[in-house]
Amino acid sequence: MSLFRLASIKNSEITPREIFQARRKIIKASLGFTAAAFLPTAANAEKKPFETVPVGPYSGDFPVTDYEDVTHYTNYYEFTTNKTGSTVLAQALKTKPWQVEVSGEVDKPGVYHLEDILKQNPLQERIYRFRCVEAWSMVVPWIGFPLADMLKAFKPTSRAKFVEFTTVYQPENMPGQRNKSLDWPYTEGLRIDEAMHPLSFIATGMYDDELPKQNGAPLRLVVPWKYGFKSIKAIVKIRFTETMPQTAWNKAAPDEYGFYANVNPNVPHPRWSQARERILGAGLFASKRDTEMFNGYAEYVAPLYKGMDLSKYI
Ligand SMILES: Nc1nc2c(c(=O)[nH]1)N[C@H]1C(S)=C(S)[C@@H](COP(=O)(O)O)O[C@H]1N2
Ligand SMILES: [Mo]
């Protein structure tokens, strides 16, 4: 039993790692076909829609972290700075209806209903490593679609060099927004080539299910080669800009949280090393593992930073 687990988890909420992986192996084996189409109709009918989502590219065959660990140890400052407290508090978030306002350097600005975005973007699963700046790591089977697919539909102009994302402002349901722990609403940003990179992902679900509120429902960013804080939750605004946007963490502590925030074992956070990481769910006394450059995704993303001094551009 992991130290992070709460005693109150219901058995029905647990997705045992072995069962999950066995099922995913079958689906992976049928890749190249549409997994859903080849399942017998009766079996299909019993499955939730998310369980028939095919596994997309870039999904490494990693041991997946237990669902209850990923859902009971979250960072969500709009609710609380307490990583176990956000599990319960986040249930107050109102996620229906949900709209995303698109503005700035685009030919198709506007307010888009989430349902319309979902209709345009077929779901796939990406099993990604995820690492937080606080030095724990996990592997999460996210369900969603490539960020690039969604962004391209808005037709960015040639002046769009960066993309800024903004989290919902809902202080009546988000107690953290009623104090000044960060400059609300939470914002994040990517350079346009980072945003368009095929690894950058929008998650609307995970572990064969809808995205839990504490993990960023109804839609969040997942950028697996960067520290977790770049992966902004509950997105309501996307703005394309010519200049580098400000980000919530960079504004709060510029020396600690840079714009790029690439996972880099060689550059310590000013207050702690980033060379090793704790595996979520393994327990506090389990041995740590060495953190990998770009969180293990260097072969895909290192070219984006060619010629940049990564000890300067943190
Ligand atoms: N809106 C918002 N997004 C956020 C955060 C937050 O406090 N508010 N925390 C970030 C941090 S620091 C991390 S490590 C990841 C954690 O994602 P998880 O809680 O789903 O594991 O979410 C990121 N996205
Ligand atoms: Mo984090």
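Peer 1: Quick question: what am I supposed to make of the overall build of the protein here?
Peer 2: When you go through the protein residue by residue, the secondary structure sums to nine helices and twelve strands. For the protein, with 314 residues in total, the buried portion stands at 54%. Sequence separation of 24 or more characterises 72% of the internal contacts of the protein that already satisfy a separation of 6 or more. Only carbon and sulfur atoms are counted for the fraction: they give 55% of the accessible area of the protein, which is about 14300 Å².

Peer 1: Teacher, can you tell me more about the packing of aromatic side chains here?
Peer 2: The description of an aromatic ring pair rests on the distance of the ring centres and on the angle between the ring planes. Counted according to the given criterion, the structure contains 16 aromatic pairs. The interplanar angle of 75° and the centroid separation of 5.1 Å between the aromatic rings of Tyr-77 and Trp-249 together place this pair among those described as edge-to-face. Within this pair, whereas Tyr-77 is found in the loop between α3 (67–71) and α4 (86–89), its partner Trp-249 is found in helix α8 (residues 248–252), the two being separated by 172 residues in sequence. Look at Tyr-77 and you get buried, because its relative accessible area is 18%. The exposure class of Trp-249 is buried, given its relative accessible area of 13%.

Peer 1: Explain the environment of Leu-221 to me, please; I cannot follow it from the model alone.
Peer 2: Inspection of the secondary structure assignment puts Leu-221 in strand β9 (residues 220–222). For the pair formed by Leu-221 and Glu-188, sequence separation is 33 residues and the distance between their alpha carbons is 9.6 Å. The contact partners of Leu-221, leaving out residues within four places of it in the chain, are Leu-147, Phe-165, Leu-190, Phe-201, Ile-202, Lys-230, Ser-231, Ile-232 and Ile-235.

Peer 1: Where do I start with the pairing of strand β5 (residues 162–167) in this structure?
Peer 2: The side chains of a regular strand alternate, residue by residue, between the two faces of the sheet. Counting buried positions along β5 yields six of six residues, so the element is predominantly enclosed. Where β5 meets strand β6 (residues 187–191), five bridges bridge the pair, whose relative direction is antiparallel. When the sheet's bridge partners are listed, Val-163 is paired in β6 with Leu-190. Pairing between β5 and strand β10 (residues 235–241): six bridges, direction antiparallel. Looking across to β10, one finds that Glu-164 is bridged to Arg-239.

Peer 1: Looking at this model, I keep getting lost on the confidence of the model for the protein. Mind explaining?
Peer 2: Fine structural detail should not be taken from predicted coordinates in areas where pLDDT scores are low. Considering every residue of the protein, the mean pLDDT works out to 89; 85% of them sit at 70 or more. Residue range residues 1–14 is modelled with pLDDT below 50. Its contacts to residues more than four positions away, or to other chains, number 23 contacts. pLDDT under 50 marks residues 32–39. Its contacts with residues more than four places away, or in other chains, come to nine contacts.

Peer 1: Whenever I open this one, the pattern of salt bridges confuses me. Can you help?
Peer 2: Enumeration according to the criterion identifies 14 salt bridges in this entry. A salt bridge links Arg-271 to Glu-256, with the nearest nitrogen and oxygen atoms 2.6 Å apart. Of the two residues, Arg-271 sits in the loop between α8 and β11 (276–279) while Glu-256 sits in the loop between α8 and β11, which places them 15 residues apart along the sequence. Here the residues in one salt-bridge network are Arg-129, Arg-131, Glu-277, Arg-289 and Glu-292, joined through shared partners.

Peer 1: Where do I start with the site of ligand 1 in this structure?
Peer 2: Around ligand 1, 17 residues are found, and the nearest of them are Tyr-77, Glu-78, Thr-167, Arg-220 and Lys-233. For ligand 1, an oxygen atom lies 2.7 Å from a polar atom in the backbone of Tyr-77. Within the side chain of Lys-233, a nitrogen or oxygen atom sits 2.7 Å from an oxygen atom of ligand 1. For ligand 1, the accessible surface in isolation is 530 Å², of which the surrounding protein chains cover 99%.

Thresholds applied
Residues numbered from 1 in each chain as written. Chains lettered and ligands numbered in written order. Predicted model: local features only at pLDDT ≥ 70, side-chain atom pairs only at ≥ 80, totals over all residues. Heavy atoms only, no water. Helix = DSSP H or I, 4+ residues; strand = E, 2+ residues; numbered from the N terminus. Buried < 20%, exposed > 50% of the residue type's maximum accessible area, 1.4 Å probe, protein only. Contact = heavy atoms within 4.5 Å. Areas by Shrake-Rupley, 256 points an atom, 1.4 Å probe, with all protein chains shown as cover. Phe/Tyr/Trp six-rings, centres within 6.5 Å; stacked < 30°, edge-to-face > 60°. Pairing = 2+ DSSP bridges. pLDDT = per-residue confidence, 0-100. Salt bridge = Lys/Arg side-chain N within 4 Å of Asp/Glu carboxyl O. Near = heavy atom within 4 Å. Polar contact = N/O pair within 3.5 Å; in protein donor to acceptor, adjacent residues only side chain to side chain.

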